[in-house]
Amino acid sequence: MMVDLVFEAPKTGKPPKHLLDMARPERRAAVQDLGLPAYRADQVSTHLLVHHEDDPGKWTDISATDRETLSSLLPQLLQPIRTVDCDDGATVKSLYRLHDGSLVESVLMRYSDRITMCISSQAGCGMNCPFCATGQAGLTRNLSTAEIVEQILAGARALDAGQVPGGPGRISNIVFMGMGEPLANYSAVLGALHRFVDDPPEGLGMSARGITVSTVGLVPRIRQLAQEGMPVTLAVSLHAPDDHLRDTLVPINTRWKVSEVLEAAWFYAEQTKRRVSIEYALIKDINDQRWRAELLGELLAGHLVHVNLIPLNPTPGSKWTASTPQAEAEFVAALREAGVAVTVRDTRGREIDGACGQLAAIES
Ligand code: SAH
């Protein structure tokens, strides 16, 4: 079977280097290279990551001439194009233009007990899943670490400023479920994970358990991530328990089979002690049969795992639709009978094309 999988992103359009691309020692060295004392790097890090203050004019502990010198390490990476909201403002989708004209999106979702941001790791995606809007658009390029981190900082600034109904708040969860395949952009994503979990002012000091990396199943990369000492939650986009169907729904399956991706998932759970999440979009009459629920239950029972069922969000022109409520209920019941934990994902952001798999950035 011939499938179009793109692992290597085009090297063109590389974004300018930003201070937040670097870990603390490199930041200090970069600032010294500009002829400034190394502690200036820590001061800037505190402004950006602790106070979410991106206006150098407000950095009163740094002289105006030094701020001017530092500006070469602080290019503007994301140009906001527009935001749209729904759910009475509790779901906000932001569209950004990058320095080379590429477009990316992020979504902020406020719940009663948490604030989750869904972010992009690539402009487009090369994994070609037929039910996903981003997959249809193809891969433009990898995002840099700072381009990924800036999506979160923009959300944090909006929350600080009280722009999201419910008053000021803090981002508690981050999911790499926007555009792109995070494990196909491994080093930039790992850098972003460090910026999220490392102690302030080096990073934001978030808990790794609140961060989810979602993947189609790049098996060697799952094993590598398991050994980074960074116990983020792993989500595997399975969508079918059998190779025959998964070869079509998640074309990476032609490279690594269901059994291989699940073995890697169990290795991840063993190394990190974190429960792995299995993503399964329920598609009417395609993957929602009782026998598939039973087979899925057999494969997963007894493991440190949780199934997240997602009602399919049909993309424009899609011949597929979401399963009926009855099929969904039967699927849930079969998994529970097998002793597997399961929840059905809510579909925040549907009206603004901000729900799972809908981020395509077709507007310009
Ligand atoms: N590339 C990564 C992360 C991006 S997508 C991955 O595939 O895991 C995040 C989740 O949304 C994945 O589980 C993906 O399969 C799912 N998804 C994509 N399109 C969807 C759609 N139209 N309806 C429901 N879920 C979808």
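Just so we're clear, the structure is a prediction, and the values are computed from it rather than from any experiment.

Chemist: Could you clarify how one ought to interpret the nonpolar core in this entry?
Modeler: Taken as a class, soluble globular proteins show a tendency for nonpolar side chains to be buried jointly. Formed by 115 residues in total, the largest nonpolar core has its most connected members in Phe-176, Leu-193 and Phe-196. In terms of residue count, the dominant contributor to this core is helix α9 (residues 258–272) (nine residues). Among all residues touching Phe-196, those that are not within four sequence positions of it are Ile-119, Ile-148, Val-149, Ile-152, Ile-174, Phe-176, Leu-204, Gly-205, Met-206 and Ile-211.

Chemist: What is the right way to look at the site of the ligand in this model?
Modeler: With respect to spatial proximity, 19 residues lie near the ligand, and among them Phe-131, Ser-214, Ser-237, His-239 and Asn-313 are the closest. Within the contact set of the ligand, a nitrogen atom lies 2.9 Å away from a backbone nitrogen or oxygen of Phe-131. In the model, a nitrogen atom of the ligand is placed 3.0 Å from a nitrogen or oxygen of the Gly-180 main chain. Here the ligand has 530 Å² of accessible area as a free molecule, and 97% of this is covered by the chains. Elements that contribute at least two residues to the shell around the ligand include exactly β8 (211–215) and β10 (276–282). Split into classes, the residues belonging to the shell around the ligand amount to nine nonpolar, eight polar and two charged.

Chemist: Could you clarify how one ought to interpret the pairing of β10 in this entry?
Modeler: Strand residues, when the strand is regular, have side chains that alternate between the two faces of the sheet. Taken across its seven residues, β10 has seven buried, putting it largely inside the fold. Here β10 shows no split at all, with Val-276, Ile-278, Tyr-280 and Leu-282 on one side and Ser-277, Glu-279 and Ala-281 on the other all buried. With three bridges joining them, strand β9 (residues 233–237) and β10 adopt parallel strand pairing. Looking at β10, one finds that Ala-235 is bridged to Ser-277. As paired strands, β10 and strand β11 (residues 305–311) are joined by seven bridges and run parallel to one another. Following the sheet pairing, Glu-279 is matched in β11 by Asn-308. Remark: the β10/helix α10 (residues 290–300)/β11 crossover connection has right-handed handedness.

Chemist: What am I meant to see in the packing of aromatic side chains here?
Modeler: Describing an aromatic ring pair means giving the distance of the ring centres and the angle of the ring planes. Applying the stated criterion across every chain, the model contains three aromatic pairs. Taking the centre distance of 6.4 Å and the plane angle of 45° together, the rings of Phe-176 and Phe-196 count as tilted. Here Phe-176 is found in strand β7 (residues 173–176), whereas its partner Phe-196 is found in helix α6 (residues 186–197), with 20 residues between them in sequence. Assessed through its relative accessible area of 0%, Phe-196 is described here as buried. Summarising the aromatic geometry, the rings of Tyr-280 and Phe-331 are spaced 5.0 Å apart at their centres and angled 40° between planes, so their arrangement reads as tilted. Linking Tyr-280 in strand β10 with Phe-331 in helix α11 (residues 325–337), this pair joins segments that are 51 residues apart in sequence. A single burial state applies to Tyr-280 and to Phe-331, both of which are buried.

Parameters and conventions
- Residues numbered from 1 in each chain as written.
- Predicted model: local features only at pLDDT ≥ 70, side-chain atom pairs only at ≥ 80, totals over all residues.
- Heavy atoms only, no water.
- Core = buried A, V, L, I, M, F, W, Y, C linked by side-chain atoms within 4.5 Å.
- Buried < 20%, exposed > 50% of the residue type's maximum accessible area, 1.4 Å probe, protein only.
- Helix = DSSP H or I, 4+ residues; strand = E, 2+ residues; numbered from the N terminus.
- Contact = heavy atoms within 4.5 Å.
- Near = heavy atom within 4 Å.
- Polar contact = N/O pair within 3.5 Å; in protein donor to acceptor, adjacent residues only side chain to side chain.
- Areas by Shrake-Rupley, 256 points an atom, 1.4 Å probe, with all protein chains shown as cover.
- Nonpolar A, V, L, I, M, F, W, Y, C, P; charged D, E, K, R; others polar.
- Pairing = 2+ DSSP bridges.
- Right-handed = clockwise from strand over helix to strand, strands pointing away.
- Phe/Tyr/Trp six-rings, centres within 6.5 Å; stacked < 30°, edge-to-face > 60°.

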